[in-house]
Amino acid sequence: MSMNHYRIFLLTLVTLFSSVICLHAENALKGKKVLVYTKNGEGFVHDNIPYAVACVKRLGEAHGFEVEVSDDPAVFNESYLKGIDMMVFTSTNNEVFDTDEQRLAFRRYMQAGGGLVGIHSVVGTERKWDWFKMMIGGRFVWHPRFQKFRINKLDHSHASMEGVPNVWEKEDECYLMHELYPGIRVIMAHDLESLNKDQEERVRELAGNFGRFYPAVWHQDFDGGVVWVTALGHHIKDYEDPEFVNHIYQGMNYVAGKVEQRDYSHAYATDRDTPVRFLSE
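First, a word on what this report is: a plain description of the structure on this page. Here the structure is a predicted model, which is why all the values come from computation and not from measurement.

Let us look at the packing of helix H2 (residues 49-63) against helix H7 (residues 242-258). The contact between H2 and H7 brings their axes to 11 Å, and the two run at 65 degrees. Here H7 runs roughly perpendicular to H2, going by the angle between their axes. For the crossing formed where H2 meets H7, the hand is right-handed. Mapping the contact onto sequence places Cys-55, Val-56, Leu-59 and His-63 in H2 and Val-245, Tyr-249 and Met-252 in H7.

For strand E4 (residues 115-119), a buried count of five out of five residues is recorded, marking the element as mostly surrounded by other parts of the structure. Residue alternation in E4 divides its side chains into two sets, Gly-115, Val-117 and Ile-119 and Leu-116 and Gly-118, and both sets are buried. Across five bridges, the pairing between strand E3 (residues 86-90) and E4 is parallel. Its bridge partner lying in E4, Phe-89 is registered against Gly-118. Looking at chain direction, E4 and strand E11 (residues 225-230) are connected through five bridges and run parallel. Considered in E11, the bridge of Leu-116 is made with Val-227.

Moving on: H7. For H7, spanning 17 residues, the distance from its first C-alpha to its last is 24 Å, which sits close to the expected 24 Å at 1.5 Å a residue. Within H7, 13 of the 17 residues are buried, which leaves it mostly tucked inside the rest of the structure.

Rules and cut-offs
Residues numbered from 1 in each chain as written. Predicted model: local features only at pLDDT ≥ 70, side-chain atom pairs only at ≥ 80, totals over all residues. Heavy atoms only, no water. Axes fitted to C-alpha atoms, helices over the stretch in contact; angles between N-to-C directions. Helix = DSSP H or I, 4+ residues; strand = E, 2+ residues; numbered from the N terminus. Parallel < 35°, antiparallel > 145°, perpendicular 65-115°, else oblique. Left-handed = near helix turned anticlockwise from the far one by under 90°. Contact = heavy atoms within 4.5 Å. Buried < 20%, exposed > 50% of the residue type's maximum accessible area, 1.4 Å probe, protein only. Pairing = 2+ DSSP bridges. Expected span 1.5 Å × (residues − 1).

So, in structure tokens, the structure goes:
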């Protein structure tokens, strides 16, 4: 068997494995239209992006949802977004919108009941926009070197945790953040004690008041929208690994199960920085 045929065989097994795991949960993604957004601003760009896109496309084929892919911020207009059920921001980083009108369109989409799944460096996206940082859960600041460490499941009953190991040992990057928003609900946590000790001082400094465990995967309902974020997923091989593919599917399926038809009568923002109602009333 050639290497190319072997890779095709492996990808087929990954998709089948994901399908088998997901039979236990209702497929809320079926018939949905998903936008995968990949724009990066100036700075580091992850090489995992095309692999993540291919992963979501395979999931779409396996579970009956439509996938559109774009790195063009011009798609963030109300007319186009009304046809999008949910979005995946996969390793977006830095400023991913060209104008405040596009930022406003994204915010109004979320206020109308939109859904967002964020993967990996999504927490480094739009670092100067306070609303986005609250919505996504924080602002990336640093990570220790790529290494094997443990991620612990905290909420065993959460729908997106189906098929996810209770203690997940994998190679990845342990993201640390500033401006953590207290409204997020953490469902998996990095075990900081499982990291190599060569950068321990810096880890402890940035982890702040957190002890052994630090947010790795979380969700929240924020300003009308539904958000699910995993800080995992640095390596290209993740997107062909059955456990990680299931992790992404479960997050997407959770969000899809909570979003309904968008209702723009709930979209009250008139600019990107309109005060969040539930925080200002």
